[in-house]
Amino acid sequence: MKKVFFKVSLLLSFTLVLFIFSSQEASANGFNLELVISSSKVDFENLYIKKSDGSITAFDNIKDMQLHLNYINSNGYAPEFITLARLGHRLIGTQYKYRVFSGYSKFTPFWTKASLYTLTNNQSESFSSTTNTDWGSINFSFSKSYGVSTNIPADSTRYSRLAGYADLKIERYYVSLPNLHNGYYKTEVTVQNIYIDPIYQ
């Protein structure tokens, strides 16, 4: 019985050392290890996952998306990583886009000649759009809440509405799954700044 216990303890110790060594080796080869967390929304039709912080992970195809979901959920792909669920990420490139049109405000459904738009306290709205990137078209979205009354001036000689705009940070990654001898690409989209301004006909 003592011999069996000793062998099991030795095996567990060896496994732990091997994992630590593998993690260090992956880091040395240019990979950043990231602890995968649960996502808030999975959209198979548009091939993206919207996280609880509002950022979006987009995929090139359904196969890559399913591989990502299966791996992080350890659904038969990597049972030895059920509690750790670590992925190796290699940054391929970064692109920034500024003041990207994101849709019209729901509070201005019609074109009008207004000199001032007033958004009152406790109002909120959501915007969603698509933009082209160096790695294809991607979806993004964000919400805007008005904690205090907000006045937005406009040119009263022209027809206008309010619209949402966003500054985007777009990062392209290759995700390595060394234990599966496989990998896939993904695109991370983060909304960095948002604006609500008039748009004119």
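Summarised in this report is the structure supplied together with it. As the structure is a computational prediction, the values presented were derived from the model and not from experiment. (Residues numbered from 1 in each chain as written. Predicted model: local features only at pLDDT ≥ 70, side-chain atom pairs only at ≥ 80, totals over all residues. Heavy atoms only, no water.)

### Quick word on the environment of phenylalanine 140
Here is the rule we go by: Each helix is a run of DSSP H or I of at least 4 residues and each strand a run of E of at least 2, with the numbering of both proceeding from the N terminus.
By the element assignment, phenylalanine 140 lies in strand β8 (residues 136-146). Between the C-alpha atom of phenylalanine 140 and that of threonine 130, which follows or precedes it by 10 residues, the distance is 6.2 Å.

### Brief notes about the pairing of strand β10 (residues 160-177)
Heads up, the condition is: When accessible area is computed with a 1.4 Å probe and restricted to protein chains, residues below 20% of their type maximum are described as buried, those above 50% as exposed, and intermediate ones as partly exposed. Paired strands, as defined in this entry, are two strands with at least two bridges between them according to DSSP.
The element β10 is largely enclosed, with a buried count of 17 among its 18 residues. Relative to strand β11 (residues 182-200), β10 is paired through 18 bridges, and the arrangement is antiparallel. When the bridges of β11 are listed, tyrosine 173 appears paired with lysine 186.

### Quick word on the side chain of lysine 97
Rules: A residue counts as positive if it is Lys or Arg and as negative if it is Asp or Glu; His and the chain ends are not included. The term salt bridge refers to a side-chain nitrogen of Lys or Arg lying within 4 Å of a carboxyl oxygen of Asp or Glu. Polar contact is the term for a pair of N or O atoms within 3.5 Å; when the atoms are in protein, one must be able to donate a hydrogen and the other to accept it, and sequence-neighboring residues count only if both atoms are side-chain atoms. Throughout, a residue-residue contact means that at least one pair of heavy atoms, one from each residue, lies within 4.5 Å.
Locating lysine 97 in the fold gives a position in strand β5 (residues 86-104). We note that lysine 97 is buried and unpaired, the nearest opposite charge coming from aspartate 134 at a distance of 7.8 Å. Within the structure, the side chain of lysine 97 is placed 2.7 Å from the side chain of threonine 131, a separation counted as a polar contact. In this structure, lysine 97 is in contact with Thr131, Asn132, Ala166, Asp167, Leu168 and Ile170, ignoring residues within four places of it in sequence.

### A look at unusual backbone geometry
A negative phi angle is the norm for most residues apart from glycine, just as the trans form is the norm for most peptide bonds. A positive phi angle is found at leucine 47, which is not glycine, with a value near 60°. With respect to the secondary-structure elements, leucine 47 resides in the loop between β2 (41-43) and β3 (48-50). You will see that arginine 99, though not glycine, has its phi angle at about 50°, which is positive. Here arginine 99 lies in strand β5.

### Describing the pattern of salt bridges
One pass over the structure, following the stated rule, counts five salt bridges. Here arginine 172 makes a salt bridge to aspartate 60, at a shortest N to O gap of 2.6 Å. Of this pair, arginine 172 sits in strand β10 while aspartate 60 sits in the loop between β4 (56-59) and α2 (62-72), placing them 112 residues apart in sequence. Accessibility expressed as a relative area gives 8% for arginine 172, which makes it buried. A salt bridge links aspartate 197 to arginine 99, with the nearest nitrogen and oxygen atoms 2.6 Å apart. Of this pair, aspartate 197 sits in strand β11 while arginine 99 sits in strand β5, placing them 98 residues apart in sequence. Taken together, the salt bridges that share partners define one network made up of Lys51, Lys186 and Glu188.

### Quick look at the environment of serine 176
Position of serine 176 among the secondary structure elements: in strand β10. C-alpha separation for the pair serine 176 and arginine 90, spaced 86 residues apart in sequence, amounts to 7.8 Å.

### Points about the environment of phenylalanine 59
Take phenylalanine 59: it is sitting in strand β4. Residue classification places phenylalanine 59 among the buried positions, given a relative accessible area of 6%. A sequence separation of 10 residues divides phenylalanine 59 from isoleucine 49, and the C-alpha atoms of the two residues are 8.8 Å apart. Sequence-distant contacts of phenylalanine 59, defined by excluding residues within four places in its chain, comprise Leu47, Ile49, Asp64, Met65, His68, Tyr184, Tyr185 and Lys186.

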